[in-house]
Amino acid sequence: MSDTEIGPPIALVTGANKGIGLETVRRLVDQGFHVYLGARSPERGQPAADSVKAQFLQLDVTSDDSVEQAVAFLQKEHGHLDVLVNNAGIVGPRREPQDYTADDMATVLMTNVVGYMRLIHAFLPLLEKSRNPKVVNVSSGLGSFALFHDLDRIESRAGTVPYAASKAAINMMTARLARLLPHIHINAADPGQTSTDLSGNQGHSIQDGTDAIVNFALAGPDGPSGTYADRTGELPW
């Protein structure tokens, strides 16, 4: 833990040039955080960051070099990171079940799961210098086996095979890391069906979709870890 931390808490949100990521950035800025808006494209990321008074950070979660450069930058600028929000993700192709290929699965997992692990591994030394380090992994109810088996829930009939599998992997990764790294609060947030490009603009408001993420990010030192929740409360894994 750093004894030199001053100023606002530092947060990084990945995949944040639009949708849930951008709204998360906006809300954390409003809460007094110095927020880095991570995105691959400066052409999209810089205007998005400017629109919410955040700082753009070029970041490709599928690239070791890109992530290492981001870590080096934050190390130089602040020497620590308080909140990492792993949000960058892709839905992947939508096909008939018999038409999914190994490449389809690999593409989705490389961004949605391997990308999350790449960020956690790379930023762990900076998180460990925070007084209240937190990782929020943006997941989905589509990754819950319990919700899948509840036929009254939309999770039982929605979602593609690669996307749902990636969110189930994120859930287990979150649960395991939270147990193995008890000094860091690591949680999984389900935005629910939120009106964004990914959902075809179906679902509740984007603010509602970021409630669980922001709640985890704002939690104090005695806050939850190893928890899977949406805006209404804890969910079954």
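Every value quoted in this text rests on a predicted model; they were computed, and no experiment measured them.

(A) Looking closely at the overall build of the chain. Along the chain, the regular secondary structure elements total seven helices and eight strands. The C-alpha atoms of the chain give 17 Å as radius of gyration, which agrees with the globular expectation for 237 residues (18 Å, within 12%). Along the three orthogonal principal directions, the C-alpha set of the chain runs to about 55 × 40 × 30 Å. Split into buried and exposed, the 237 residues of the chain put 50% on the buried side. The long-range fraction of contacts in the chain, counting pairs at least 24 apart against all pairs at least 6 apart in sequence, stands at 67%. Accessible surface computed for the chain: about 11400 Å², of which carbon and sulfur atoms make up 52%. Averaged over its 19 positive side-chain charges, the chain has a centre that lies 1 Å from the centre of its 27 negative ones.

(B) How the structure looks around helix H7 (residues 206-218). Given a rise of 1.5 Å per residue, 13 residues ought to cover 18 Å, and the 18 Å separating the end C-alpha atoms of H7 matches this to within 8%. Those residues of H7 that sit buried are Gly209, Thr210, Asp211, Ala212, Ile213, Val214, Phe216 and Ala217. For H7, the elements touching its buried residues are helix H1 (19-30), strand E4 (83-86), strand E5 (134-138), strand E6 (185-189) and strand E7 (228-230).

(C) The packing of H1 against H7, seen in detail. Viewed as axis vectors pointing N to C, H1 and H7 meet at an angle of 55 degrees, and their least axial separation amounts to 9 Å. The orientation of H1 relative to H7 falls into the category oblique. The handedness of the crossing between H1 and H7 is right-handed. Along the contact surface, H1 presents Gly19, Ile20, Glu23, Thr24, Arg26, Arg27 and Leu28, while H7 presents Ile206, Gln207, Thr210, Asp211, Ile213, Val214, Ala217 and Leu218. When the residues that make up the contact of H1 with H7 are grouped by side-chain class, the tally is seven nonpolar, four polar and four charged.

(D) Layout of the environment of Ile154. Secondary-structure assignment places Ile154 in the loop between helix H5 (145-148) and helix H6 (161-180). By relative accessible area, Ile154 is classed as partly exposed at 37%. Along the sequence, Ile154 and Gly141 sit 13 residues apart, while their C-alpha atoms lie 9.0 Å from each other.

(E) Structural context of the nonpolar core. Formed by 56 residues in total, the largest nonpolar core has its most connected members in Leu12, Val25, Val35, Leu37, Leu81 and Phe123. Ranked by residues supplied to this core, first place goes to helix H4 (residues 102-127) with nine residues. Not counting residues within four places of it along the chain, the set of residues in contact with Leu37 comprises Val13, Ala16, Asn17, Leu22, Val25, Gly45, Ala48, Ala49, Ala54, Gln55, Phe56 and Leu57.

(F) Looking closely at the sheet that holds strand E3 (residues 55-58). Taken in spatial order, the eight strands make up an open sheet running E3-E2-E1-E4-E5-E6-E7-E8, and their pairing is mixed. The open sheet has two edge strands, E3 and strand E8 (233-234), and neither has a second partner. Taken together, the four bridges between E4 and E5 define a ladder with parallel strand orientation. The residue of E5 that forms the bridge with Asn86 is Asn137. Along the sheet face, H4 touches strand E1 (10-13), E4 and E5 and points at about 175 degrees away from the line of E4. This element, H6, spans E5, E6 and E7 of the sheet and lies at about 160 degrees to E6.

(G) View of the pattern of salt bridges. One pass over the full model with this rule turns up eight salt bridges. Put simply, Asp30 and Arg26 hold a salt bridge, and the shortest N to O gap is 2.8 Å. Pair noted here: Asp30 and Arg26 are both in helix H1, with a separation of four residues, about one helical turn. The exposed category is assigned to Asp30, whose relative accessible area is 55%. For Asp104, the salt bridge identified is with Arg95, shortest N-O distance 2.7 Å. Linked through salt bridges whose partners overlap, the residues forming this network are Arg27, Asp208, Asp211 and Arg231.

(H) Region of interest: the layout of surface pockets. Empty space within the second largest pocket amounts to approximately 250 Å³. Taken together, 15 residues line the second largest pocket, and the ones lying closest to its centre are Leu142, Phe148, Glu155, Ala158 and Ala164. Of all the secondary structure elements, the ones that give two or more residues to the lining of the second largest pocket are H5 and H6. With four residues, the single largest contributor to the lining of the second largest pocket is H6. Tallied by class, residues from the lining of the second largest pocket come to eight nonpolar, five polar and two charged.

Conventions and cut-offs
- Residues numbered from 1 in each chain as written.
- Predicted model: local features only at pLDDT ≥ 70, side-chain atom pairs only at ≥ 80, totals over all residues.
- Heavy atoms only, no water.
- Helix = DSSP H or I, 4+ residues; strand = E, 2+ residues; numbered from the N terminus.
- Rg over C-alpha atoms; globule rule 2.2 N^0.38 Å.
- Buried < 20%, exposed > 50% of the residue type's maximum accessible area, 1.4 Å probe, protein only.
- Contact = heavy atoms within 4.5 Å.
- Areas by Shrake-Rupley, 256 points an atom, 1.4 Å probe, with all protein chains shown as cover.
- Lys, Arg positive; Asp, Glu negative; His and termini not counted.
- Charge placed at Lys NZ, Arg CZ, Asp CG, Glu CD.
- Expected span 1.5 Å × (residues − 1).
- Axes fitted to C-alpha atoms, helices over the stretch in contact; angles between N-to-C directions.
- Parallel < 35°, antiparallel > 145°, perpendicular 65-115°, else oblique.
- Left-handed = near helix turned anticlockwise from the far one by under 90°.
- Nonpolar A, V, L, I, M, F, W, Y, C, P; charged D, E, K, R; others polar.
- Core = buried A, V, L, I, M, F, W, Y, C linked by side-chain atoms within 4.5 Å.
- Pairing = 2+ DSSP bridges.
- Salt bridge = Lys/Arg side-chain N within 4 Å of Asp/Glu carboxyl O.
- 1 Å grid on protein atoms, 1.4 Å probe; cavity = no way out; pocket = protein on both sides within 12 Å on 5 of 7 lines; lining within 4 Å.
- Points joined across faces, edges and corners; volume = space filled by probe spheres on them.

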